[in-house]
Amino acid sequence: VVLLGHSHGSLITLYALASDNPPKVRSAIVASPYLGIKLAVPAWKKLLARVASRVAPRLNQPNGIKAEHLTDDLAKRAEHDADPLNFATASARWFVESSDAQDFVLAHADRITVPTTWLVGANDPLANPAQSRTVANKVKGATYHDLVGMKHEVFNEVERGKVFAELARALATA
């Protein structure tokens, strides 16, 4: 079994691998891991999320994500904007729990013992690529791909063929 996660799914994958009882897998592939937010979040909004997470966990706030943050592929942007399953908010509980999970992964990344492949858009304006590099540097057996010119959704980028080639290589060696 090879785990594959993108964005928040990568955070979940890395959290599981760093936990006290990690899943038994051969390797993991993480794309644009959400290990730190790059979008500016005002301090008042962070405080509101902490308080609301306890008293009104479903309180939603605009997340600020726009299609142009995701990819340079105009057709993929249009698909994103037309998809009724996309939403433009984040709940207080999600924000707090994901922030805590990010802290956990940073603190315990050295527990990850399986080979990991990192597919990180160097121009990602959402999930901070610098934080991904920091965490990857703590993981023994990490192979980091700095995907120059790519944004958050590396599998939907104009040059996605390069990403899928790296994915295929990682799967072939697992």
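In case you missed it, the structure is sitting above this.
My aim in this report is to walk through the structure given alongside it, one point at a time. Numbering of residues starts from 1 in every chain and runs along the sequence as written. In keeping with the predicted nature of the model, local features appear solely for residues at pLDDT of at least 70, side-chain atom pairs appear and are counted solely at 80 or more, and the whole-chain, interface and lining totals rest on all residues. The side-chain quantities take in all heavy atoms of the structure and omit both hydrogens and water.

## So, the sheet that holds strand 1 (residues 2-6)
The four strands are arranged 1-2-5-6 in an open sheet whose pairing can be described as parallel. Two strands in the sheet have a free side with no partner beyond their single neighbour: strand 1 and strand 6 (142-147). Shown here is a sheet whose adjacent strand axes are inclined to one another by a mean of 10 degrees, direction ignored. As paired elements, strand 5 (residues 116-121) and strand 6 share six bridges and run parallel to each other. The partner of Thr117 across the bridge, within strand 6, is Thr143. Between two residues, a contact is recorded if the distance between any of their heavy atoms is within 4.5 Å. Fitted lines through C-alpha atoms serve as axes, helices being fitted only where they are in contact, and the angles separating the N-to-C directions of these axes extend from 0 to 180 degrees. Note on conventions: DSSP H or I runs of at least 4 residues are helices, E runs of at least 2 residues are strands, and numbering of each starts at the N terminus. In this fold helix 1 (residues 8-18) packs onto strand 1, strand 2 (27-31) and strand 5, with an angle of close to 140 degrees to the strand it touches most, strand 1. Strand pairing is assigned whenever DSSP detects at least two bridges linking the two strands.

## Observations concerning a nonpolar patch on the surface
Patch definition: residues above 30% relative accessible area lacking any salt bridge, with like charges linked at up to 9 Å and the nonpolar side chains Val, Leu, Ile, Met, Phe, Trp and Tyr linked at up to 5 Å. Exposure was quantified through the Shrake-Rupley algorithm and a 1.4 Å probe, taking into account, for residues, occlusion by the shown protein chains and nothing else. Here, a salt bridge means any Lys or Arg side-chain nitrogen found within 4 Å of an Asp or Glu carboxyl oxygen. Taken together, the side chains of Trp44, Leu48 and Leu59 present a nonpolar region at the surface, about 280 Å² in accessible area. Relative to the helices and strands, Leu59 is located in the loop between helix 2 (43-55) and strand 3 (60-62). The cut-offs for exposure are 20% and 50% of the maximum accessible area for each residue type, with area from a 1.4 Å probe on protein chains only; residues under the lower value are buried, those over the upper are exposed, and the others partly exposed. Since its relative accessible area comes to 32%, Leu59 is described here as partly exposed.

## Quick look at the side chain of Thr71
If you trace the backbone, Thr71 turns up in the loop between helix 3 (67-70) and helix 4 (74-82). The exposure class of Thr71 is buried, given its relative accessible area of 1%. Within polar-contact distance, the side chain of Thr71 engages the backbone nitrogen of Asp73 at 3.0 Å. Polar contact criterion, stated in full: a pair of N or O atoms within 3.5 Å, where within protein one must be able to donate a hydrogen and the other to accept it, and residues adjacent in sequence count only if both atoms are side-chain atoms. A distance of 3.2 Å separates a polar atom in the side chain of Thr71 from a polar atom in the side chain of Glu157. Setting aside chain neighbours within four positions, we find Thr71 in contact with Lys76, Arg77, Lys151, Asn156, Glu157 and Val158.

So far we have only geometry, and geometry alone does not tell us how the molecule works.
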